[in-house]
Amino acid sequence: MFRPVEIPLWLLVLILLFAAVTFASHFLFPSVRWFFRKRMERAVARLNTRLTRPIEPFKLARRHDMIQRLIYDPAVAQAIVAHAQEHGVPENVAFEQARDYAREIVPSFSATAYFTFGTRAAKWLSRAFYRIRLGAFDRDALDAIDPDAAVVFVMNHRSNMDYVLVTWLAARTSALSYAVGEWARVWPLAPLIRAMGAFFIRRRDRGGLYRRVLQRYVQMATAGGVTQAIFPEGGLSLTGRMAAPKTGLLGHIVEDFGSHGRDVIFVPVALNYDRVLEDRVLIEAGAAGNRRFRVPPSRLAGAVWGHLWQRARGRFRGFGTASVGFGRPLSLNEFLGGEAPGPAATARVSREMKARIEEVMPVLPVPLVAGILLDVSPLPPERIEIRVAALLGMLHARGVALPRRDAARITADALEILLQRGLVRGQDGGLAPAPDAGPVLRFYADSVAHHFAPARLAAPEEALSPPPPVR
């Protein structure tokens, strides 16, 4: 029994390797995971003491456990059977397909990644490009939201900077869970975005089984009290105006209302910019009648190089103002008033949220001046300033949140950006849109045009009066 045994060296190495792997998987790795899990739980407990809405246990659950819970959900199981019958495949094949969808959708939230790296990077990026201003904001209404309710921020979609901006501004409230399109399913973005709590959704090729898996995940997250952020337009605006809301994710939430005992609070969020980074790409896609955003690598490289060269020479003045307005929260319990949650209720909620988002859409210098120049040009700067003052007076009378600058400063800021971009040129009699600049100016002007309906964006000066001072 104790006699020495001779074995080849390669076999000894192989045995030791298997022993090391077994030891690590059964003893070392569980201990390490337990150690880091305990540290994470203590860190989250400290973090929750300063968050308005603490991170819910659902968001902290292990990704593997969430995937298992999702694919064994009764509604998903029924969809698996229906998918197998419809496509003539075994149920175990349909089950694996559902598992793949679940792995694709379910995030792997990391509080460390979100609140240390994510929010700090979002703050740095936001301030590196824009002057950040808070628009309409009723703190009392937001503070009055039921702590046990599931909160969903419903936002218009102007730019990919929307994710960055709202992540930073909402960092003191809670960790947001976004629905992110397929564009981000590339390495190394995908693991980082999952760690930030976002989940991926497909824009195309969505069969019944996929839709059911996505629907149940969104409904489970809502039932778990996860604070979510959705873009009801389903994509970036190609025209500057807020598009008609789609009822996909919104419908999933509304149709499940009442099954989990929580109220759902929709918070309208309106975002606007003096300059949208992707404006020309979006305008070109809109003119082509599709949503294919194709940017030649040479064009992208040129834009990045030009920006870096401006910064190196100290000539970068920023892209103007980015502003976020928060509207009146909508309690689903109060809004439905006993109405059965279904497609009709979803349509009503969608229309109401669109109206509330437009109600608090920030009015910024570039959209304001762009609309004036499209309406009447050429105009000298002093006459543009008069029209800006008159429009501010009109908006003030309607209760619209206004920039914390006077008409002279707003006009000067807008013209500086428009002249720098070559969108406006001097002519006899003043300033006018540059050739081929009309679509870009319209893109910005349309973002605030609804504030002036049915009045024209720029009425004659003699018919208008200057506004009271903005505080």
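Quick caveat: nothing in here was measured; it's all calculated off a predicted structure.

The rules behind these values
- Each chain carries its own residue numbering, running from 1 in the written order of its sequence.
- Only residues with pLDDT of at least 70 are given local features in this predicted model, and only at 80 or more are side-chain atom pairs given and counted; all residues enter the totals for whole chains, interfaces and linings.
- Water and hydrogen atoms were dropped before computing side-chain values, which therefore reflect all heavy atoms in the structure.
- We count a stretch as a helix when DSSP gives it H or I for four or more residues in a row; a strand needs E for two or more, and each element gets its number in order from the N terminus.
- Only heavy atoms matter for contacts: two residues are in contact if any of them lie within 4.5 Å across the pair.
- All accessible areas in this document rest on Shrake-Rupley with a 1.4 Å probe, and a residue is counted as covered only by the protein chains that are shown.
- For the purposes of this section, nonpolar cores are sets of buried Ala, Val, Leu, Ile, Met, Phe, Trp, Tyr and Cys residues that join through side-chain atoms within 4.5 Å.
- We call a residue buried when its accessible area falls under 20% of the maximum for its residue type, exposed when it is over 50%, and partly exposed in between, using a 1.4 Å probe and counting protein chains only.
- N or O atoms closer than or at 3.5 Å make up a polar contact, with two conditions inside protein: a donor-capable atom paired with an acceptor-capable one, and, for residues adjacent in sequence, both atoms drawn from side chains.
- Centre distance within 6.5 Å is the pairing criterion for rings of Phe, Tyr and Trp, where only the six-membered ring of Trp is used; planes under 30 degrees apart are then read as stacked, over 60 as edge-to-face, and the remainder as tilted.

I keep staring at the overall build of the protein chain and nothing clicks. Help me out?
Counting its regular elements, the protein chain contains 19 helices and 10 strands. Taking the intrachain contacts of the protein chain between residues at least 6 apart in sequence as the baseline, contacts between residues at least 24 apart amount to 77%. Of the roughly 24200 Å² of accessible surface on the protein chain, 57% is carried by carbon and sulfur atoms.

It is not clear to me how the nonpolar core should be interpreted in this structure. Could you clarify?
Within soluble globular proteins, side chains that are nonpolar tend to cluster in buried spots. Of all hydrophobic cores here, the largest spans 83 residues; its most connected members are Tyr178, Val267 and Val388. Contact partners of Val388, with chain neighbours within four places excluded, come to Leu368, Val369, Ile372, Ala407, Ile410 and Thr411. If you look at the next biggest cluster of nonpolar residues, it comprises 47 residues, including Val213, Val218, Ile230 and Ile357.

What's the story with the side chain of Asn272 in this structure? I'm lost.
For Asn272, the location among the structural elements is in strand β6 (residues 264-273). Using a relative accessible area of 0% as the deciding quantity, one classes Asn272 as buried. Of the polar contacts made by the side chain of Asn272, one reaches the side chain of Arg158; its length is 3.4 Å. The contacts of Asn272, once residues within four sequence positions are left out, are Arg158, Thr321, Ala322, Ser323, Met361, Pro362, Leu364, Pro367, Ser447 and Val448.

Help me understand the packing of aromatic side chains in this model?
Ring pairs (aromatic) are described by centroid distance and by the angle formed between their planes. Enumeration over the complete set of coordinates arrives at 14 aromatic pairs. Site record: aromatic cluster; members linked through ring pairs are Phe129, Tyr130, Tyr273, Phe316 and Phe319.

Just to check I follow, could you spell out unusual backbone geometry for this structure?
Both trends apply: most residues other than glycine have a negative phi, and most peptide bonds are in trans. The peptide bond linking Ser377 to Pro378 adopts the cis configuration, its omega dihedral lying at 0 degrees. A positive phi is found at Asp436, a non-glycine position, where the angle reads about 65 degrees. Within the fold, Asp436 resides in the loop between β10 (430-433) and α19 (438-445).

What is the right way to read the side chain of Thr321 from this model?
In this fold, Thr321 is placed in strand β7 (residues 321-326). Here Arg131 takes part through its side chain, which lies 2.9 Å from a polar atom of the side chain of Thr321. Sequence-distant contacts of Thr321, defined by excluding residues within four places in its chain, comprise Tyr130, Arg131, Arg133, Asn272, Tyr273, Asp274, Leu364 and Arg405.

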